[in-house]
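Letter by letter, the chains look like this.
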Amino acid sequence: MTTLLIGTTGMLSEAAKHMVQAAPGTISVVSRRADTFSFGDADLDDRTTSHPVDWQDQAAFLATLDAIASNHGPFTQALVWMHGRDDPLRAHIAHHMADDSVLVEVLGSAASRPGAFGDIRVRQMQASPHIRYRQVLLGFVYDDGQSRWLTHAEICAGTIEALSSDETVTVAGQVEPWELKP
């Protein structure tokens, strides 16, 4: 059993910690800063393998995913934060997911637009019924006449909500009205 964490060493570190606390098995962290990352919990850190690779280096990233899956089996759950679409990389992650696994992808606010990447990704993942796909769309907060982007705590709260929900898409903050975004 392996949990895959991609790009979760910064703003998503608390959501990643929440995801792995009750999960058995190996925790594989893939990130540019994976070799310096710590959960701050000795038990979790002892189960963690670090893979300092940037997802933008496609060859190294794909080789790393293959090596993790080969050494630790398919991924039973994954939390992924990658900018942009990069369909081949996302397809490779899905390829290594176990039956009845959970894949949570965090996407930026532009993916929330009708017909944008968020919608496309949901349709793509419907072709993989063995994966329980969850998508977190990052929005913004509009309060007292001011707009701002979400804090790390708000992003993690939305991600944790998605982990415990049966909903395919969870919006952290708000994405409408679009004209009010910061």
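What you see as residue numbers is a count from 1 along each chain, following the sequence as written. Totals for whole chains, interfaces and linings use every residue, but because this is a predicted model, local features are given only for residues with pLDDT of at least 70 and side-chain atom pairs only at 80 or more, for both listing and counting. Side-chain numbers here rest on the full set of heavy atoms in the structure, without hydrogens or water.

Asks: Please provide a residue-by-residue account of the packing of helix α1 (residues 13-21) against helix α6 (residues 152-163), values included.
Replies: Running from N to C, α1 and α6 point in directions that differ by 25°, and their axes come no closer than 8 Å. One finds that α1 runs roughly parallel with respect to α6. Crossing of α1 against α6: the hand is right-handed. Contacts between α1 and α6 involve Glu 14, Ala 15, His 18 and Met 19 from the former and Cys 156, Thr 159, Ile 160 and Leu 163 from the latter. Grouping the constituent residues of the contact of α1 with α6 by class yields five nonpolar, two polar and one charged. Axes here refer to lines fitted to C-alpha atoms; in helices the fit is confined to the stretch in contact. Angles between the N-to-C directions go from 0 to 180 degrees. Runs of E in the DSSP output that reach at least two residues are strands. Runs of H or I that reach at least four are helices, and both are numbered from the N terminus. Each angle receives one of four descriptions, namely roughly parallel if under 35 degrees, roughly antiparallel if over 145, roughly perpendicular if within 65 to 115, and oblique otherwise. By definition, any crossing whose near helix is turned counterclockwise from its far helix by less than a right angle is left-handed, and any crossing with a clockwise turn is right-handed. The contact criterion used throughout is that any non-hydrogen atoms of two residues lie within 4.5 Å. Note on residue categories: nonpolar means Ala, Val, Leu, Ile, Met, Phe, Trp, Tyr, Cys or Pro, charged means Asp, Glu, Lys or Arg, and polar means any other residue, Gly included.

Asks: Please set out the packing of aromatic side chains residue by residue, giving values where relevant.
Replies: Any two rings among Phe, Tyr and Trp, with Trp reduced to its six-membered ring, count as a pair given centres within 6.5 Å; such a pair is stacked if its planes are under 30 degrees apart, edge-to-face if over 60, and tilted if neither. Inspection of the entire model under this criterion finds one aromatic pair. Ring geometry for Phe 37 against Phe 39: centres 4.9 Å apart, planes inclined by 80°, an arrangement best described as edge-to-face. Exposure classes here rest on a 1.4 Å probe applied to the protein chains alone. A residue is buried below 20% of its type maximum, exposed above 50%, and partly exposed in between. For Phe 37, a relative accessible area of 16% puts it in the buried group.

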